[in-house]
Each structure stands twice: as structure tokens, then as C-alpha cells.
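Coordinate analysis (summary)
Each chain is listed here by its residues.
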There are 2 protein chains.
Amino acid sequence: MIRHTVVFSLKHAAGSPEEAAFLRDARMLASIPGVEDFEQRRQVSPKSDYAFSFAMNFVDAAAYARYNGHADHVGFVRDRWVPEVERFMELDYAPL
Amino acid sequence: MIRHTVVFSLKHAAGSPEEAAFLRDARMLASIPGVEDFEQRRQVSPKSDYAFSFAMNFVDAAAYARYNGHADHVGFVRDRWVPEVERFMELDYAPL
């Protein structure tokens, strides 16, 4: 089991319609095969200035790789993530 | 509900007895009042060079603040975290 997380900030103003549209449209990532327990969270630690995070589980590295290569994921990255995300960091977790 | 996470790397060599002792002893954090769903995870994304993460839930900001100020937490930070952790980053999540 791998918990894939990405923490990010958007180019859009906080509370803007563009921000809401990005978060709404990103929910389609949950329907890509292999994605389990998809979550959208707000990053709230004052020690970090990232604003949001997405998280999802994959049963194994092969399922994660299929997601990465899936046309819906590739298209989302190209059409929404790259143009609208200001900066991000990926962190993935496996049980100790 | 707040999911408090910290991602970190240790000064100890990977696979060393000191690394194992730190992770073992840190399990006591789970017994501090207010800590729920405590997890220790390995950070596995090749896009990050952090090695480990701890995560825990708090029912609200007050429970989180009580944990931060609890003597067992303060002592752990002073006696183990500061001397043994090379670098770290905190990220906290709340539902959107």
C-alpha cells in the first residue's frame, strides 16, 4: 500500500471561483482506476505556506505507475495542473 | 479534525540500531492524550529525500495545542527530536 500525497499552492487567489473550479474538477482523479481513498485537504499549519493537498492510496507500485500513465491523469496534469499550480511537493508513504 | 504530519530525516545511518531505537521510542507519542490514529511511515517518493513521517489526528486545535504543550511531547522534542533529527517539515491537514 502506498499513500501518494501532493501538497501545493495555486496561482489563483484564495476563495476565487478559479480556485473552486480547480478543486471541483480535480475530483475526477478519484475515478481513475487504482485510486483509493482520494482526499482533498486544506493545509493549515502556519509553519508551511502550501495551501492544499491531495492524497490517494494505491495497492502497489504497479497500480501507482498505471495511474501516472493513464490518459486522464496525463491530461489533467497537462491541462490544469501545469497551468494553474504555482508550486508543489510530492510525498509518498508506505508502512514501516 | 486535524491530521498533523511531520516528514523528516534522521542523522543516523539508514538501517542503524540508532535509527531503529528512535522509531521505537517515538511510539510513545501515541500515548499522549488527544493523539488518535498515530502512524509511522516510510517516505518512498524518489522526488523527495525525506526518509520518514509521523502522522496523528487531533479532534480540534485545542487538543493539538494540549499535545504540543504536554510534558511528554516537550521532553521528546528536547531529548530525542532535536539531537537526532537532521531536518524536517510539518504539514497539517483539515477537510476542505
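Think of each chain on its own: its residues are numbered from 1, step by step along the sequence as written. As a convention, the first chain written is A and the first ligand written is 1, with the rest following in written order. In view of the model being predicted, local features appear only for residues whose pLDDT reaches at least 70, and side-chain atom pairs are presented and counted only at 80 or more, with totals across whole chains, interfaces and linings using the full set of residues. Remark: hydrogens and water are excluded; side-chain values derive from all non-hydrogen atoms of the structure.

Attention now moves to the packing of aromatic side chains. Residue and element names in this part refer to chain A. Note on aromatic pairs: the rings of Phe, Tyr and Trp (six-membered ring only in Trp) are paired at centre separations within 6.5 Å, and the planes decide the class, stacked below 30 degrees, edge-to-face beyond 60, tilted for the rest. Counted according to the given criterion, the structure contains 24 aromatic pairs over all chains. Each ring, one from Trp81 and one from Phe88, has its centre 5.5 Å from the other, and the planes form 80 degrees; the classification is edge-to-face. With a 1.4 Å probe rolled over the protein chains alone, any residue whose accessible area is under 20% of its type maximum counts as buried; one over 50% counts as exposed, and the rest are partly exposed. Residue Trp81 is classed as buried on the basis of its relative accessible area of 10%. Each member of the aromatic cluster is reached from another via a ring pair, and the members are Phe8, Phe22, Phe38, Phe52, Phe54, Phe76, Trp81 and Phe88.

What follows concerns the environment of Glu90 of chain B. Along the chain, the position of Glu90 of chain B falls in strand β4 (residues 85-95). Accessibility expressed as a relative area gives 13% for Glu90 of chain B, which makes it buried. Residues count as neighbours in contact if any of their non-hydrogen atoms are within 4.5 Å of one another. If near-sequence neighbours (up to four positions away) are discounted, Glu90 of chain B is found in contact with Ser45, Lys47 and Ser48 of chain A together with His4, Thr5, Val6 and Tyr64 of chain B. In protein, a polar contact requires one atom able to donate a hydrogen and another able to accept it; more generally it is a pair of N or O atoms within 3.5 Å, and residues adjacent in sequence count only if both atoms are side-chain atoms. At 2.8 Å, the side chain of Glu90 of chain B forms a polar contact with the side chain of Lys47 of chain A. Going along the chain from the N terminus, every DSSP run of H or I of four or more residues is numbered as a helix, and every run of E of two or more is numbered as a strand.

A few words on helix α3 (residues 71-84) of chain A. All names here are of chain A. Expected span of a helix, by definition, is 1.5 Å for each gap between consecutive residues, and there is one gap fewer than residues. The end-to-end C-alpha distance of α3, which contains 14 residues, comes to 19 Å, matching closely the 20 Å that a straight helix rising 1.5 Å per residue would cover. Maximum bend of α3: about 40 degrees, positioned at Val77. Buried positions along α3 lie against β1 (2-10), α1 (17-26), β3 (52-58), α2 (61-69) and β4 (85-95). What the bend at a residue measures is the angle between two axes, fitted to the seven residues ending there and to the seven starting there.

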